[in-house]
Protein chains: 2
Amino acid sequence: MQVFNFSAGPAVLPKEVLKRAADEMLDWHGSGMSVMEMSHRGKEFISIAHKAEADLRTLLAIPADYAVLFLQGGAIGENAIVPMNLLGDRKTIDFVNTGEWSKKSIKEAKKYAQVNVAASAEDRNFTYVPARETWKLSKDAAYVHVCTNETIGGVEYQWTPDVGNVPLVADMSSHILSRPIDVSRYGVIYGGAQKNVGPAGLTLVIARRSLLDRALPITPSAFHWKEQAENESMLNTPPTYAIYIAGLVFEWLLAQGGVAAIEKKNIAKAKLLYDYLDSTEFYRNPVAKSDRSRMNVPFKLRDEKLDAEFLKGAEARGMLQLKGHRSVGGMRASIYNAMPIEGVQALVNYMREFEKRHG
Amino acid sequence: MQVFNFSAGPAVLPKEVLKRAADEMLDWHGSGMSVMEMSHRGKEFISIAHKAEADLRTLLAIPADYAVLFLQGGAIGENAIVPMNLLGDRKTIDFVNTGEWSKKSIKEAKKYAQVNVAASAEDRNFTYVPARETWKLSKDAAYVHVCTNETIGGVEYQWTPDVGNVPLVADMSSHILSRPIDVSRYGVIYGGAQKNVGPAGLTLVIARRSLLDRALPITPSAFHWKEQAENESMLNTPPTYAIYIAGLVFEWLLAQGGVAAIEKKNIAKAKLLYDYLDSTEFYRNPVAKSDRSRMNVPFKLRDEKLDAEFLKGAEARGMLQLKGHRSVGGMRASIYNAMPIEGVQALVNYMREFEKRHG
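Residues numbered from 1 in each chain as written. Chains lettered and ligands numbered in written order. Predicted model: local features only at pLDDT ≥ 70, side-chain atom pairs only at ≥ 80, totals over all residues.

1. Quick word on the sheet that holds strand S14 (residues 331–334) of chain A
Residue and element names in this part refer to chain A. Just so we agree on the cut-off: Pairing between strands is defined by DSSP: at least two bridges between the two strands are required. The way it works is that DSSP assigns letters per residue, a run of H or I at least four long becomes a helix, a run of E at least two long becomes a strand, and they are numbered from the N terminus.
One open sheet holds the three strands; their spatial order is S11-S12-S14, and the pairing between them is antiparallel. Two strands lie at the open edges of the sheet, namely strand S11 (283–284) and S14, each paired on one side alone. As paired strands, strand S12 (residues 296–301) and S14 are joined by four bridges and run antiparallel to one another. From the neighbouring strand, Val-297 faces S14, where its bridge partner is Ala-333.

2. Description of the domain arrangement of chain A
Residue and element names in this part refer to chain A. Our working definition: Per the annotation, domain bounds derive from an automatic or database assignment of domains. Note on contacts: residues are paired as contacts if their backbone-placed C-beta atoms lie within 7 Å.
Under the domain assignment used here, chain A contains domain 1 (4–14 + 259–358) and domain 2 (16–255). Taken over C-alpha atoms, the centre of domain 1 sits 26 Å from the centre of domain 2. Residue-level contacts link 28 residues of domain 1 with 31 residues of domain 2. Looking at the side of domain 1 that touches domain 2, the elements that each hand over two or more residues are helix H7 (258–278) and S12.

3. A word on the relation of the copies chain A and chain B
Superposition of the two copies of the chain requires a rotation about an axis and a shift along the axis. The condition that has to hold: Here the copies are matched by least squares. The fit uses the C-alpha atoms of residues with pLDDT of at least 70 in both.
Aligned on chain B, chain A shows an RMSD of 0.0 Å; the corresponding rotation is 180° and the shift along the axis is 0.0 Å. The symmetry that links the two subunits is that of a two-fold axis. Of the C-alpha atoms belonging to chain A, the one lying closest to the rotation axis is found on Ala-22 of chain A, 2.3 Å away. Counting the interface residues of chain A, we find that 96% of their copies in chain B are interface residues as well, pointing to one common contact surface.

4. Regarding the sheet that holds strand S9 (residues 188–192) of chain A
All names here are of chain A. The condition that has to hold: Between N-to-C directions, angles cover 0 to 180 degrees, with each direction set by a line fitted to C-alpha atoms, over the stretch in contact for helices.
Taking strand neighbours across the sheet as the criterion, the seven strands line up as S2-S10-S9-S8-S5-S3-S4 in an open arrangement whose pairing is mixed. The open sheet has two edge strands, strand S2 (66–71) and strand S4 (114–120), and neither has a second partner. Shown here is a sheet whose adjacent strand axes are inclined to one another by a mean of 20°, direction ignored. Pairing between S2 and strand S10 (residues 203–208): six bridges, direction antiparallel. Opposite Tyr-66, over in S10, you have Arg-208 as the bridge partner. This element, helix H3 (residues 74–86), spans strand S3 (92–97), strand S5 (141–147), strand S8 (168–171), S9 and S10 of the sheet and lies at about 155° to S9.

5. Considering the nonpolar core
To be explicit about the condition: Each nonpolar core consists of buried Ala, Val, Leu, Ile, Met, Phe, Trp, Tyr and Cys residues. Their C-beta atoms, within 7 Å, join them into a set. Backbone-placed C-beta atoms define the burial measure: a residue is buried with 20 or more other C-beta atoms within 10 Å of its own, exposed with 12 or fewer, and partly exposed in between.
Residues Val-188, Ile-245 and Ala-246 of chain A together with Val-188 and Ala-246 of chain B are the most contacted members of the largest nonpolar core, which totals 211 residues. What Ala-246 of chain B contacts, discounting residues up to four positions off in sequence, is Ala-52, Ala-193, Val-197, Gly-198 and Leu-202 of chain B.

6. Here's the deal with unusual backbone geometry
Residue and element names in this part refer to chain A. Residue Pro-10 follows Gly-9 across a cis peptide bond; omega there is -10°. Relative to the elements of secondary structure, Pro-10 occurs in the loop between strand S1 (4–5) and helix H1 (15–24). With a phi close to 50°, Ala-61 is a non-glycine residue in the positive phi region. Here Ala-61 is to be found in the loop between helix H2 (43–60) and S2.

7. Describing the environment of Ser-184 of chain B
Residues and elements named next belong to chain B. Assignment of secondary structure puts Ser-184 in the loop between strand S8 (168–171) and strand S9 (188–192). Residue classification places Ser-184 among the exposed positions, given that 12 C-beta atoms sit within 10 Å. Between the alpha carbons of Ser-184 and Pro-63 there is a distance of 7.1 Å; along the sequence they are 121 residues apart.

Structure, rendered in structure tokens:
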């Protein structure tokens, strides 16, 4: 059966990538080895890692004065690793709180620094991005932290904040590579790979090199950006197979026409789903229209007693993992790069049919 | 061409495991999803993770009062994470220094604690394990740290140290699952997966539950053993695909007859290679016979000018990644669980032939 996988992450990967991974599993390019079996210091794997980095640099137009690191620990790991690496002799970090992932970052940063919540969307249950004019930044912050796409709340920045000379740090886990970004406007961009990049267990960090001398003495070497940058992410054994799969995803993205081309598809997919949601009272998405995520679309049925039946019917039609995050309930359709528009159309068709039956 | 991969890690995996991974890449058990695409909180992946943990518990006879954690960051990550989790209100850690990996652990621990080197094999260039009687343990150590198999030096503990009531912590990265161990003699066992367990990017931690309340406040949540134990290693998104592959390796090991059966094979493989090394002056392994590693066999040619030709001839015969670690030079044959005895025999045959040509 054709399935459409709406998981928030780990998430759907391009079929072409999975086919190639299967084909190459026992013998990568005549080497006689699986990529999983290769020494990370051998010429075969080095070539894979270099190509992955080069393709990522192409896709996001990453300037040369930014280091690209392939690390481990995911965004929750980075929530501690970022302050360890960036605090230097400052004491305070400014945060903008747009939801669950912002809250996780704040909780973790408090272990190492004073936290100033410069703006929060809590007053409207995290359904919008506070306008830049409302942010109350502190004078001496080490950096300003934002989560540019809240995977659970479905809230996305459609603009890049200007915070002057203070480094802007963005958790982009769930929308990186879904749209062009101007990397030079950020000090650090990080994210877990398991949405638009590749398998879980790989963490991307893109950091302006001039910021790499601020690590606290307690920073573990494995997560020390400067040491990792000097060692091309091989101070410790990197997650080699996950880097290989990410590299295949990057090749696939380039073949699709790059990030600008995939953005057009993502806009079309999101429009299809939101337009339908806005056309009915049967379902509801609570997010301010200007701040809706193209990647994660949470919605609730008017009558939550129908949730179980909705999910059962979806699964019977091959539409998987639509259940909302346990902290908010309802449904969530994650429609990352690798979700074809046919999947979104199938979901809308089913939602319409379900509404007709119960509306 | 049939190849034999002697890499120290990432390393050879059982062919059966790779075949199954290739077969299941696009559709795991009729789910329509790759394991890489599954939500870590979905029933499919939960079943994979539970089975992997249960099989590992069977293989190592892990007592119920030990937590099994599937984390990230590798042994170099754990070198910081272990002291963060175990220091509590103590100030000192006792280390036994048997080589490169001990030194890495010591360097990292100094960020968080006072280090007492209770014994060191540096006096004989790290070619032996200091006898227990010579260890000068401190009075108030938080724990005693050993590296039970030095991957670079090729030195292995053939015995379990008795350190009284102080927790014994062992980095077993490169020989875990190669032989039976009495887990109850250790407070914590940890290791990177990329030798005998599975792909790089997965870290095993086996910790006595009564030790889980000693974490420092600076411990990142993603690496906080108690929090991870309470969340079945899913406080953050775990490296799902690496856990799946590790689970396939565990199934393979059980099918081989378990760890006691694989130990017999490992003893036979190591004997074949060491017996030959001891029969000639052309090659040399420097390690004390009682402390030689069954997993990692470093050796040097009498005439190092022949190194390049030796490696070239080996590669032409499909014997890969025999080059020694850059810090020591020479050769290293890593002969983990998944290396068949035919590979070791092929290596010895080639070494004998090479000796005849140049001896």
